[in-house]
Amino acid sequence: MNATIASITARALLGRRRFLLLLPLPLLLVGLAALAHGLDPDPSEWGEPVVAGLGFAVVLPMIALVVGTGVLGAEIDDGTIVHLLATPVARRDIVLAKLAVAAGVTTAVAATAMFLTGVIVGSVRFGVGLAVACVVCSIAYSAVFLALSVLTRRPVLLGLLYVLIWEGLLGNLLAGSRVLSIQQYAVAIAANIAPSSVLHVRLSLPLAVAMSAAFAVGGTLLAIDRLRSFRLAGETG
Amino acid sequence: MHPSTGTVELHGVSRWYGNVVAINDVSMTLGPGVTGLLGPNGAGKTTLLHMMAGFLPPSRGELTVAGRPAWRNPEIYRVLGLVADREAVPGFLTAWQFVLASARLHELPEPEQATERALGQMELHDAWHRRLGTYSKGMRQRARVAAALVHQPTVLLLDEPFNGMDPRQRLHMMDLLHRTADAGATVLFSSHILEEVEQVSGTVQVIVAGRLAASGDYRSIRRLMTHRPHVFAIRSSDDRRLAVALMAEPAVAGVDIGPSGLTVRAGDYGTFARALPRIVQRERIRVRQVTPSDESLESVFAYLVAQ
Amino acid sequence: MASDDAAVGAGVIHDIGYQRYAGPRLGRRHVVTALYLHSLRTAFGLGRSAAAKIFPGIVVGVAFGAAVVLVAVRSQAGGVIPYTYLQFIDGLGIPLIVFLAVIAPELVSRDLRSRVLPLYFSRPLRRGDYALAKLAATVSAVWLLLAGPLLLIFLGGAFSRSGGASAVWREFTDFLGGLGYAAMTAVVLGAFAVPLASLASRRAIAAVVIVVGFVATAPVIGVVNAIGGTTAQQLSPLVNPATLLTGLEAWIYRDEKLDAGRYGPLYLLVAVALVTACVAALIARYRKVTV
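Reading the values: the criteria
Residues numbered from 1 in each chain as written. Chains lettered and ligands numbered in written order. Predicted model: local features only at pLDDT ≥ 70, side-chain atom pairs only at ≥ 80, totals over all residues. Buried ≥ 20, exposed ≤ 12 C-beta atoms within 10 Å, placed from the backbone. Helix = DSSP H or I, 4+ residues; strand = E, 2+ residues; numbered from the N terminus. Pairing = 2+ DSSP bridges. Axes fitted to C-alpha atoms, helices over the stretch in contact; angles between N-to-C directions. Parallel < 35°, antiparallel > 145°, perpendicular 65-115°, else oblique. Contact = placed C-beta atoms within 7 Å. Nonpolar A, V, L, I, M, F, W, Y, C, P; charged D, E, K, R; others polar. Core = buried A, V, L, I, M, F, W, Y, C linked by C-beta atoms within 7 Å. Domains from an automatic or database assignment. pLDDT = per-residue confidence, 0-100. Right-handed = clockwise from strand over helix to strand, strands pointing away.

Caption draft 1: Layout of the pairing of strand E3 (residues 33–38) of chain B. Residues and elements named next belong to chain B. Most of E3 is tucked away: five of the six residues are buried. By the bridge criterion, six bridges tie E3 to strand E8 (residues 186–191) in an arrangement that is parallel. Across the sheet, Gly33 pairs through a bridge with Thr186, a residue of E8. In terms of strand pairing, E3 meets strand E9 (residues 203–208) through four bridges, oriented parallel. Looking across to E9, one finds that Thr35 is bridged to Thr203.

In structure tokens, the structure reads:
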């Protein structure tokens, strides 16, 4: 974990315009929860669309996507990655630094919003449960999107495919695909900390934790290995 | 600097992408001094530089920097600096922060001092506090070179470094490259502009269509190619009489008379060089100027490209 | 070269046979048509490298795959129809969003990024023409994406139906209805996506903006449906283009799935207003954008 890289990455992320894209979503989440709570204090009807439908299905993945692909993908895209790679810093340290920033920013934005939402919807404990699930799954998502940034030139589209089609569409249709769906891990983790009628748990806690760890570690290792073999194209590239 | 840490060696290096061969069996050894990598666009200069910098593996052959392979070896960056051809820099950083970050990432013991020295070398000490996004193209280029020089590498690779520089900056950069090389570093820069290579280095590696077409001092390369006639521009006190006398010489292939002097095409450089003074003395003509007209990289280059 | 200084004096322009083109030039209509066709081909990755065909190809595969499954299920089940043409289109909601997130940035954001707009506008192509041609290409691409699988379903259904010519005729009218709804879907979703894409010059950001634009309001509807009364439930689908379409469909096709109550005409009004506003915004965007 390299502090110089982390601080430059954080500055780059927070200064870019794409970061501003993220802010409406958490505001929408908390605002909607507050509004709904004001109209109907009993969350049994509206809780699920807000927490699961907007929170875990949209807010967390989208923020993780924009941040996770932004910390490395943008540099690879415009070529400034060379300045970083032409140094003796271990590729492992580079990836870990960027992962820390990505997970940290995602957590700061998403977990805070989910915590507030949870408090509004249920109790402080529920808020904590949602926040912890966000923290764990931020790391998992960030690692996956970081790996995608190194592996392909269109990480955002692939990430969108994963979130929308794999987790969204297939997750609703095929029970088997849920094992590979980070959203489901988040739901399972949150529900185990603070059981609630709002969350429909489909995976067991041990499985969710193990798979989250697998994604986090696997994504990180993949990113490190691919970064070691990073190629700069020739004249045509 | 220990000289052996600055050697770049290539043995039979080839690089292909599917059916396209980008580099074809190139062997060379680069040592201390300035070498120009010359070739037209698309010849493979950037590919070769990226391979030397460890950003592309050779499909075949061996490529070592300071005795170790460059590929998958971040340690070489302790002694190697690369200025790539893509101009992008993190616009939100100031030049100071950018070069300082490079110094820190190279784990220098005194990064601030190194940064100040590098920025001074590139004449950026007036603008170091401004963000790179506000820099002109030439200044950005200099900032990138400063970041590559901050750890005083023994191997410095520059891809088309004079792009976007005005003549004064170019002279300054050339001077810098020479000074770096004089301190014992191996400097390799690529260019497709002949004047640049001509002025900076006498040693040249010419790469055309992925093959190494020629290497060494460019004047000697030129002389090696005796197929094409050498051209001289001569001004004398009596051009016409000199022209007549020269036409009688077997070494002379042709003479053109123009308003500013004679243009003489000679088949054999050495014979003509010995014949000219003899003729001039015999005819009692005063010669004011003898210029080898195409003793320049351009004709070398054009000739090689036409092959 | 050194011999250049020999030629001093008047310059000469040599005749190397350069001729200006004096023949007929095709006009604005041809330019627009050419741009439209080229954009349509670009949307599906035709005429480009293999990598450009992957993402549209995935969505096309998903759509056709679903159609094949539907045909198989229908032929097994005899005359029972598990999903109508309309429901099939609604079911493809998410793949359609992905498709738009892929092609709208390709058509619109790429030109902004590489700053080729001056090349376009220095031809007899007005800025509004450019915007409309790109929009038309997007809408057509979505319609084609839907029409192909619908045709497949029709063919499968026509052959597996028993009941002779009248059954086939009913199938055909259902199919035409499906094509009409596909057209509506294409127009509404396309008109919503393209202006969003034109806001960003990087394709990745444009894709995220489009997705968020479509997806963010859906949970809001869920909440309103849970809390609100009947009126709110009938009006809530208006805020999201996809649900707006289902409401419209319910009204036009007399489908009981979504109860729009008496608000059917309002859905139509909102749909038309949305499309008009989006088109106007798109044209305004391109009038304003500095090349």
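Caption draft 2: Here's a closer look at the packing of helix H2 (residues 24–39) of chain A against helix H9 (residues 218–227) of chain C. At a minimum axis distance of 11 Å, the contact between H2 of chain A and H9 of chain C shows a crossing angle of 5 degrees. When the axis of H2 of chain A is compared with that of H9 of chain C, the two are roughly parallel. Residues Leu32, Ala36 and Leu39 of chain A of H2 of chain A form the contact with H9 of chain C, whose own contacting residues are Val220, Val223 and Ile227 of chain C. Residue composition of the contact of H2 of chain A with H9 of chain C, by class: six nonpolar, no polar and no charged.

Caption draft 3: Quick look at the nonpolar core. Ranked by internal contacts, the top residues of the largest apolar core, which has 257 residues, are Val99 of chain B together with Ile210 of chain C. With 18 residues, the single largest contributor to this core is helix H3 (residues 47–78) of chain A. With residues near it in sequence (within four places) discarded, Ile210 of chain C still touches Leu100, Ala101, Ala104, Ala193, Leu196 and Ala197 of chain C. Core analysis: the second largest hydrophobic core is formed by 13 residues, Val231, Leu242, Val252 and Leu276 of chain B among them.

Caption draft 4: The arrangement of the domain arrangement of chain B in detail. Structurally, chain B comprises domain 1 (3–223) and domain 2 (225–294). Centre-to-centre separation of domain 1 of chain B and domain 2 of chain B, based on C-alpha positions: 42 Å.

Caption draft 5: Local environment of the confidence of the model for chain B. On average, residues of chain B carry a pLDDT of 86, and 90% of them reach 70 or more. Across chain B, helix H2 (residues 95–105) of chain B holds the top mean pLDDT of 95, while helix H10 (residues 297–306) of chain B sits lowest at 60.

Caption draft 6: The interface of chain C and chain A, seen in detail. If you look at the interface, chain C gives 22 residues, while chain A gives 27 residues. Examining the composition of the side of chain C that touches chain A, we find that eight residues originate from one element, helix H8 (residues 203–215) of chain C, more than from any other. Partitioning the side of chain C that touches chain A into residue classes produces 21 nonpolar, one polar and no charged.

Caption draft 7: Spatial organisation of the environment of Leu119 of chain B. Residue and element names in this part refer to chain B. Tracing the sequence through the fold places Leu119 in helix H3 (residues 111–121). Assessed through the 25 C-beta atoms surrounding it within 10 Å, Leu119 is described here as buried. A C-alpha to C-alpha distance of 8.4 Å links Leu119 and Val150, two positions 31 residues apart in sequence.

Caption draft 8: How the structure looks around the interface of chain B and chain A. Listed per partner, the contact involves 29 residues of chain B and 23 residues of chain A. At the level of secondary structure, the elements contributing two or more residues to the side of chain B that touches chain A comprise helix H1 (45–52) and H2 of chain B. Sorting elements by how many residues they give to the side of chain B that touches chain A places H2 of chain B first, with four residues.

Caption draft 9: A look at the pairing of strand E7 (residues 155–159) of chain B. Residues and elements named next belong to chain B. Most of E7 sits out of view: five of its five residues are buried. Burial along E7 is two-sided: the face carrying Val155, Leu157 and Asp159 and the face carrying Leu156 and Leu158 are both buried. With five bridges connecting them, E7 and E8 associate as parallel partners. The residue of E8 that forms the bridge with Leu156 is Val187. In this fold, the crossover linking E7 to E8 by way of helix H5 (residues 167–182) has right-handed handedness.

Caption draft 10: Seen up close, the sheet that holds E9 of chain B. Residue and element names in this part refer to chain B. Spatially, the six strands line up as an open sheet ordered E6-E7-E8-E3-E9-E10, and their pairing is mixed. This sheet does not close on itself; its edge strands, each paired only once, are strand E6 (80–83) and strand E10 (211–217). Adjacent strand axes in the sheet meet at a mean angle of 15 degrees when their direction is disregarded. When E6 meets E7, the two strands line up parallel, connected through four bridges. Along E7, the bridge assignment pairs Leu80 with Val155. Against the sheet, helix H4 (residues 137–149) touches E6 and E7, its axis set at about 170 degrees to E6.

Caption draft 11: Representation of the sheet that holds strand E14 (residues 287–292) of chain B within the structure. Residue and element names in this part refer to chain B. Taken in spatial order, the four strands make up an open sheet running E12-E13-E11-E14, and their pairing is antiparallel. Bordering the open sheet on either side are strand E12 (252–258) and E14, each of which pairs with just one other strand. For this sheet the average axis-to-axis angle between neighbouring strands, irrespective of direction, equals 20 degrees. Two elements, E12 and strand E13 (residues 261–266), share six bridges in a ladder whose sense is antiparallel. Bridging across to E13, Gly258 finds its partner in Gly261. In the packing of helix H8 (residues 239–247) onto the sheet, the strands contacted are strand E11 (230–236), E12 and E13, and the crossing angle to E12 comes to about 165 degrees.

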